[in-house]
Every structure is written in structure tokens, then in C-alpha cells.
There are 2 protein chains.
Amino acid sequence: MSYYSPSIEKLIEGFERLPSIGHKTAIRLAFHILNAREEEVTEFINSITNAKANLKYCSKCYNISDTDPCPICASPKREQNLICVVEDVKDVIAMERTHEFKGTYHVLHGSISPMNGIGPDEIKIKELLARIQQNPDIKEVVIATNPKVEGEATAMYISKLLKPLGVKVTRIAHGIPIRRRFGIYR
Amino acid sequence: MSYYSPSIEKLIEGFERLPSIGHKTAIRLAFHILNAREEEVTEFINSITNAKANLKYCSKCYNISDTDPCPICASPKREQNLICVVEDVKDVIAMERTHEFKGTYHVLHGSISPMNGIGPDEIKIKELLARIQQNPDIKEVVIATNPKVEGEATAMYISKLLKPLGVKVTRIAHGIPIRRRFGIYR
């Protein structure tokens, strides 16, 4: 039996459906919304609707963006002949934070995982192939999928697929450099 | 510098403004919304707008409710001549969960707290007084404010205010029954 009125109950359920929000947090959030000023709530709702309406996938790299092509693909400062292949939008952010990479990206939106029924056709591999075939300028592809089984399998699959095209395919290095791992400094 | 596009940034900020949501959780929630189906997001937004639009305060007890009077004040099964005074809407839920109380409520929406600039006029004390003056049937008022300094002060204030009206004023018992506290069982 519920002790809340139907509208509050619905609101709590709505918050509960979000990831990492439990029942108690959902109640706290629901009451926060109820007590919040009208403008605050409108702003929150607008941020959701705008994000859903404005955001699209960049038709070149499949990163999520307000514009198509995305700012990275459109930038003349980035090396357009270098592509870093990542699994997820969040990986682009992680790479950008390092300030080390000056090329462009290709977001796969997943990794090959037969256990979960995700084959090569479910992720943006076809699109990567087409992009490279259409742009003979592209010289190098760095595969930066996760160092887990699925990521490694995806990297292997892509590198075999791209080899006949004559582009240089490299795998990003993972882990701690060997000298530091053993605590040897010169 | 932000690595997210403006729409995502706004969405993350929106989530971050909610209580108990940190930056990382806000990012996770924002991406969840972006990946969620359109219907799911619409349902979530509707639950917020409906709650804000439909919910009102019961004009008798100031509990939050879809209807006015609220289901408790409107119920013939509840003892309308017994009022339990609580600080917050959540306290009503807590009391209801015990299934012990068969009267009605009066929600103060706070407690007297001079440190925070909250005097008797800022909470629903006037409304409680008026309610009792208008209903000579009301026999007993149980004050169930929190056992903290503010709650105690509020309880004291209300009991002094109500004494001249001839209603029985009681304070709800708090803490562990004394026998059990010392581990004595018969």
C-alpha cells in the first residue's frame, strides 16, 4: 500500500527508474521537485527536452553533438587524416581531457560481444569502413577500445578489416609503463 | 573548459542541482536520458509537470495531496476530533506506516527556529489555532514534532497556545522504552 498521493507516487517512480537512484533518494528528489520554485523546475524540464531535441549524432564520427558535423570533425585545427576509434561518447571526453590527441574520432557505440548478441553489424563498424573508403586522405587509425575481452575482440576485428585498405592501424597502449611498474627510475 | 556540447552540459548541470547528486552521477543520468527512448523521457517529464500542477495543500491539514481536502481529512473512518501535529509531509508518511494513529494531521511545514529566522508566523501555527477554534468537536491534539531543540520549542509554544482553548494537548513519546534500554525483560 502506498501512503503518497498518486502524483507524488508517479514522480518517485520516475526518479527510481533512473540509474543509481534508489527508493530513498527518489523520495528525496521528488520532494525537492515539489518544493522547488516553478522556474527551477521549468529550467530542469527544458534542459531535458532541449538535449533530446537538439542532440544528434555527427554523420562523420557518430559522436553526440549539437551540430552536424560535430565541432571536432569541423575543426581545421584537428588532423582529419587521423582517426581514433572509441567505444563510447564518454571515451571521447576521456581522450580530450588528456589534450594529447589532435586527430578526429569514430564512436562505435559499443563493442562486439557475442554473449550479449552484439555482432559487428550492431555497432558503427560499417560506417568506419565507408568513411575510410571515401576518404583516401586518411592515413592512420588508432584503435582505443577498452582493454577488456570485448574491446580486444573489436580491435582485432577492425584491424583485420582495415588492413586491405592500406591504412596504418595501431592499438593504443594500455596500463602502466613497464619501468614505473617495477619502480625503476634512472 | 568543457568537453561536452552545450545541450549535454546544461542537462548535466540540471541534474547536478538536485540534492545528493554529484558530478559523476549527473553525467551518468544525463547520458541515460540521452540514450532513453522518447516515451520514457516524456513519461518522466509528465510525472514532474503533473506533480507540480496537481499537488496542492489540503486546506484543513496542509498535507500535500491531489485532492482538497486530502484523503485523510475526507475519510469518515478517521477520528476527526483528534489532530496529530507534525513538522513535515514526510512525518505524516512515517506516522501512517505505523498503522497506529486513527486521527487526522496538521502539517506545520517547519519548526520554530530563531537561528534560521523562522518564527511562529512562518509555519502553519495560526492555521492550527483557527482550525481548533472553528471546530469545537476537536478534543485532543498530539504534538509529534521532532525531539530536537527546534521541535521541542515548537511543541512547547503550541501547547501553551492551545491550553486556553480547553483541548487536551499531549506530546508524543520518543526514544526507547526504559525497560528495554537497560535490557531488563520480565
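Each remark here, short or long, concerns the structure printed above.
Residues numbered from 1 in each chain as written. Chains lettered and ligands numbered in written order. Predicted model: local features only at pLDDT ≥ 70, side-chain atom pairs only at ≥ 80, totals over all residues. Heavy atoms only, no water.

### A short note on the sheet that holds strand β6 (residues 168–171) of chain B
Residues and elements named next belong to chain B.
Here is step 1: Read across the sheet, 4 strands follow the order β4-β3-β5-β6 without closing on themselves; strand pairing throughout is parallel. Where the open sheet ends on each side, the last strands, each with one partner, are β4 (103–107) and β6. Across the sheet, the axes of successive neighbouring strands diverge by a mean angle of 25°, strand direction being ignored.
Here is step 2: Sitting on the sheet, helix α5 (residues 89–98) is in contact with β3 (79–86) and β4, with an inclination near 160° to β4.
Here is step 3: Of the strands in this sheet, β3, β5 (140–143) and β6 are in contact with helix α7 (residues 149–162), which crosses β6 at around 170°. (Pairing = 2+ DSSP bridges. Helix = DSSP H or I, 4+ residues; strand = E, 2+ residues; numbered from the N terminus. Axes fitted to C-alpha atoms, helices over the stretch in contact; angles between N-to-C directions. Contact = heavy atoms within 4.5 Å.)

### Observations regarding the relation of the copies chain B and chain A
Here is step 1: Least-squares fitting of chain B to chain A yields an RMSD of 0.1 Å, with the transformation described by 0.0 Å of translation along the axis and a rotation of 180°. In symmetry terms, the pair is related by a two-fold rotation axis. Minimal C-alpha distance to the rotation axis in chain B is attained by Ile45 of chain B, lying at 3.2 Å.
Here is step 2: Counting the interface residues of chain B, we find that 100% of their copies in chain A are interface residues as well, pointing to one common contact surface. (Least-squares fit on C-alpha atoms with pLDDT ≥ 70 in both.)

### A short note on unusual backbone geometry
As a rule of thumb, non-glycine residues mostly have phi less than zero, and peptide bonds are mostly trans rather than cis.
Residue and element names in this part refer to chain A.
Here is step 1: In this chain, Asp68 is followed by Pro69 through a cis amide linkage whose omega measures 0°.
Here is step 2: Considering the arrangement of structural elements, one finds Pro69 in the loop between β2 (64–65) and α4 (71–74).
Here is step 3: Of note, the phi angle at Ser20 is positive, near 60°, even though the residue is not glycine.
Here is step 4: Locating Ser20 in the fold gives a position in the loop between α1 (6–16) and α2 (23–35).

### A look at the sheet that holds strand β4 (residues 103–107) of chain A
All names here are of chain A.
Here is step 1: Read across the open sheet, the 4 strands follow the order β4-β3-β5-β6; overall the sheet is parallel. Each having just a single partner strand, β4 and β6 (168–171) make up the two edges of the open sheet. When the angles between neighbouring strand axes are averaged without regard to direction, this sheet yields 25°.
Here is step 2: Note: strand β3 (residues 79–86) against strand β5 (residues 140–143), 4 bridges, orientation parallel. From the neighbouring strand, Ile83 faces β5, where its bridge partner is Val141.
Here is step 3: Against the sheet, helix α6 (residues 125–134) makes contact with β3, β4 and β5, and its axis sits at roughly 145° relative to β4, the strand it touches most.
Here is step 4: This element, helix α7 (residues 149–162), spans β3, β5 and β6 of the sheet and lies at about 170° to β6.

### Quick notes on the pattern of salt bridges
Here is step 1: Throughout the structure, instances matching the rule amount to 12 salt bridges over all chains.
Here is step 2: With its nearest N and O atoms 3.2 Å apart, the salt bridge here joins Arg37 of chain A to Glu40 of chain A.
Here is step 3: The salt bridge involving Arg171 of chain A is made with Glu152 of chain A; its shortest N-O contact spans 3.3 Å. One end of the pair, Arg171 of chain A, is in strand β6; the other, Glu152 of chain A, is in helix α7, and 19 residues separate them in sequence.
Here is step 4: Given the relative accessible area of 29%, Arg171 of chain A is considered partly exposed.
Here is step 5: Here Glu152 of chain A falls in the partly exposed class, since its relative accessible area comes to 37%.
Here is step 6: One continuous salt-bridge network, built from bridges that share partners, spans Glu13 and Arg17 of chain A together with Glu43 of chain B. (Salt bridge = Lys/Arg side-chain N within 4 Å of Asp/Glu carboxyl O. Buried < 20%, exposed > 50% of the residue type's maximum accessible area, 1.4 Å probe, protein only.)

### Some points on the environment of Pro71 of chain B
Residues and elements named next belong to chain B.
Here is step 1: Turning to its location among the elements, Pro71 is positioned in helix α4 (residues 71–74).
Here is step 2: For Pro71, a relative accessible area of 56% puts it in the exposed group.
Here is step 3: As a C-alpha pair, Pro71 and Cys58 span 13 residues in sequence and 9.1 Å in three-dimensional space.

### Concerning the interface of chain B and chain A
Here is step 1: Taken together, the contact between chain B and chain A spans 47 residues of the former and 47 residues of the latter.
Here is step 2: Roughly 4400 Å² is buried in total at the junction of chain B and chain A, and carbon and sulfur atoms are behind 72% of that figure.
Here is step 3: Between the two partners, chain B and chain A, sit 2 salt bridges.
Here is step 4: Here Arg17 of chain B and Glu43 of chain A are joined by a salt bridge, their closest N and O atoms 3.4 Å apart.
Here is step 5: Counting across the interface, chain B meets chain A through 12 residue pairs in polar contact (both at pLDDT 80 or more). (Buried area = accessible area lost by both parts, 1.4 Å probe. Polar contact = N/O pair within 3.5 Å; in protein donor to acceptor, adjacent residues only side chain to side chain.)

### Points about the packing of aromatic side chains
One pair of aromatic rings is described through two measures. These are the centre distance and the angle between the planes.
All names here are of chain B.
Here is step 1: Following the criterion strictly, the structure yields 6 aromatic pairs over all chains and no others.
Here is step 2: Ring centres of Phe101 and Tyr105 lie 5.2 Å apart, and the angle between their planes is 55°; on these two criteria the pair is classed as tilted. Judged on exposure class, the residue Phe101 and its partner Tyr105 are both buried. (Phe/Tyr/Trp six-rings, centres within 6.5 Å; stacked < 30°, edge-to-face > 60°.)

### A look at the nonpolar core
It is characteristic of soluble globular proteins that their nonpolar side chains tend to be buried jointly.
Here is step 1: Formed by 78 residues in total, the largest nonpolar core has its most connected members in Phe15 of chain A together with Phe15 of chain B.
Here is step 2: If near-sequence neighbours (up to four positions away) are discounted, Phe15 of chain A is found in contact with Ile21, Ala26, Leu29, Ala30 and Ile33 of chain A together with Leu18 and Phe44 of chain B. (Core = buried A, V, L, I, M, F, W, Y, C linked by side-chain atoms within 4.5 Å.)

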